[in-house]
Amino acid sequence: MKRLLIVMAFMAMTFVSCEKPQTDEQPPHLKPEVVPPATQDPDDDGILSILFIGNSFTMDAVTHLPGMLKAAGIKDVHMVHMYYGGRIISQYYSGWETSSDYTRYECKPGESKWTTTKNTNLKAVAESEQWDVVVLQEHTGSKFAWKWDSAAVGNFSGLLQCVKSAQKEEPKFYYILSQAYQDMTKIGKGSLPSATWTDHAGMWNVISAFAKQAVTTFGFDGIISTGAMLENLRTTSLNNEMGLTRDGYHMDNGLGRYGASCVVFETLFTPEFEVTLDKNTYRYNVSSTESGKYTTPVTDENAPIALQAARYAISAPYTITSM
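Residues numbered from 1 in each chain as written. Predicted model: local features only at pLDDT ≥ 70, side-chain atom pairs only at ≥ 80, totals over all residues. Heavy atoms only, no water.

On inspection of all chains with the given rule, the structure shows 14 aromatic pairs. Ring plane angle 90° and centroid distance 6.0 Å describe the contact between Phe 57 and Tyr 181, whose orientation is recorded as edge-to-face. Of this pair, Phe 57 sits in helix α2 (residues 56–62) while Tyr 181 is found in the loop between β6 (172–176) and α7 (200–218), placing the two residues 124 residues apart along the sequence. For the pair Phe 57 and Tyr 181, one class covers both residues: buried. (Phe/Tyr/Trp six-rings, centres within 6.5 Å; stacked < 30°, edge-to-face > 60°. Helix = DSSP H or I, 4+ residues; strand = E, 2+ residues; numbered from the N terminus. Buried < 20%, exposed > 50% of the residue type's maximum accessible area, 1.4 Å probe, protein only.)

Between its terminal C-alpha atoms helix α6 (residues 150–165) stretches 22 Å, which fits the 22 Å expected from 16 residues at 1.5 Å a residue. Restricting attention to buried positions, one finds in α6 the residues Ala 152, Phe 156, Gly 158, Leu 159, Leu 160, Cys 162 and Val 163. Considering only its buried residues, α6 is in contact with β1 (48–54), α4 (89–94), β5 (133–137), β6 and α7. (Expected span 1.5 Å × (residues − 1). Contact = heavy atoms within 4.5 Å.)

Attention shifts here to the sheet that holds strand β3 (residues 103–107). Overall, mixed pairing links the seven strands, which are arranged β4-β3-β2-β1-β5-β6-β7 in an open sheet. Two strands in the sheet have a free side with no partner beyond their single neighbour: β4 (115–118) and β7 (222–224). Each strand of the sheet is rotated relative to its neighbour by a mean of 25°, with strand direction disregarded. For β6 and β7, the ladder comprises three bridges, and the chain directions are parallel. Note on β7: the bridge partner recorded for Tyr 175 is Ile 223. Of the strands in this sheet, β1, β2 (77–83), β5, β6 and β7 touch helix α9 (residues 255–273), which is tilted by about 160° from β1. (Pairing = 2+ DSSP bridges. Axes fitted to C-alpha atoms, helices over the stretch in contact; angles between N-to-C directions.)

A regular strand places its side chains so that they alternate between the two faces of the sheet. Most of β3 sits out of view: five of its five residues are buried. Bridging between β2 and β3 involves five bridges; their strand directions are antiparallel. Counted as the bridge partner of Tyr 83 is Thr 103 from β3. In this structure, β3 lies alongside β4, joined through four bridges in antiparallel fashion. Its bridge partner lying in β4, Thr 103 is registered against Lys 118.

This next bit is on the confidence of the model for the protein. This prediction gives the protein a mean pLDDT of 88; 85% of its residues lie at or above 70. A low-confidence stretch, residues 1–42 stays under pLDDT 50, and its non-local contacts, those more than four residues away or across chains, total four contacts. (pLDDT = per-residue confidence, 0-100.)

What follows covers the layout of surface pockets. The computed volume of the largest pocket comes to approximately 270 Å³. Around the largest pocket, the lining comprises 12 residues; the ones closest to its centre are Leu 48, Asp 132, Val 133, Lys 172 and Glu 272. Those elements that provide at least two residues to the lining of the largest pocket are β6 and α9. When residues in the lining of the largest pocket are grouped by element, the largest group, four residues, is from α9. Class assignment of the residues belonging to the lining of the largest pocket gives a composition of six nonpolar, two polar and four charged. (1 Å grid on protein atoms, 1.4 Å probe; cavity = no way out; pocket = protein on both sides within 12 Å on 5 of 7 lines; lining within 4 Å. Points joined across faces, edges and corners; volume = space filled by probe spheres on them. Nonpolar A, V, L, I, M, F, W, Y, C, P; charged D, E, K, R; others polar.)

Take a look at the structure:
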């Protein structure tokens, strides 16, 4: 009896499903295909947005970018650099939403210079938009950038998580490996006793090993080795008694910073816009306030050398390439 009921139910279902519907609707195979309208991600406006979190060594790396972008005809870039001199990763992390003493440098799309505002914290800026790229940098003149230990891991992990929590989608992360000092006396008194080297080459070995650990441990999307660029440039005839710095540790405002910006440009912008710096006409002349302060003008003769030093740094970010 149960089997008979099942068979009858199946026949009834078959009859209903095959019955012609009482409607003017066309059969499915005759219906025109309905294509839903394309939807656009409200955050995808065609602008490459980059947030730099760093101190004066990050400033060394980004100062000349607006001029380079203008000369390249690239207008679809928005950059913000959250700057505080001497600050380290642990302080970016601990003061994520409490420290409002940063200077916020901004270059809006199509502009050719940085503008500044004050009184903002990292959390507010990170949440202000969806960033495509976030760039971090540890202070190489601090002992906290010399030893990769549990404290370093915790600080990097905490800062990265803060950024991720402020974003709807995870941005790409890059790490700036900045310069080794020319003058070791410029290292702060709190860190100097921990120094185990006597010259910039020895310091380079320590800070590059630390950076490699950071990038490997946290799977950064890339490294921006402005420090390798400077070391490469120091192997050329352009080097001077200041090691192409203006004060023994900050990069020369002209050629040093120009070479550093070359590394950033061809790491972040060249893949995105398919534009290199080979024919870029941006140059930098020494101002009257910089004369006599070890600022090397950027000229048609030395710019290609700095660019080559940058390209060696991109291909070999943890080593010194003799030029």
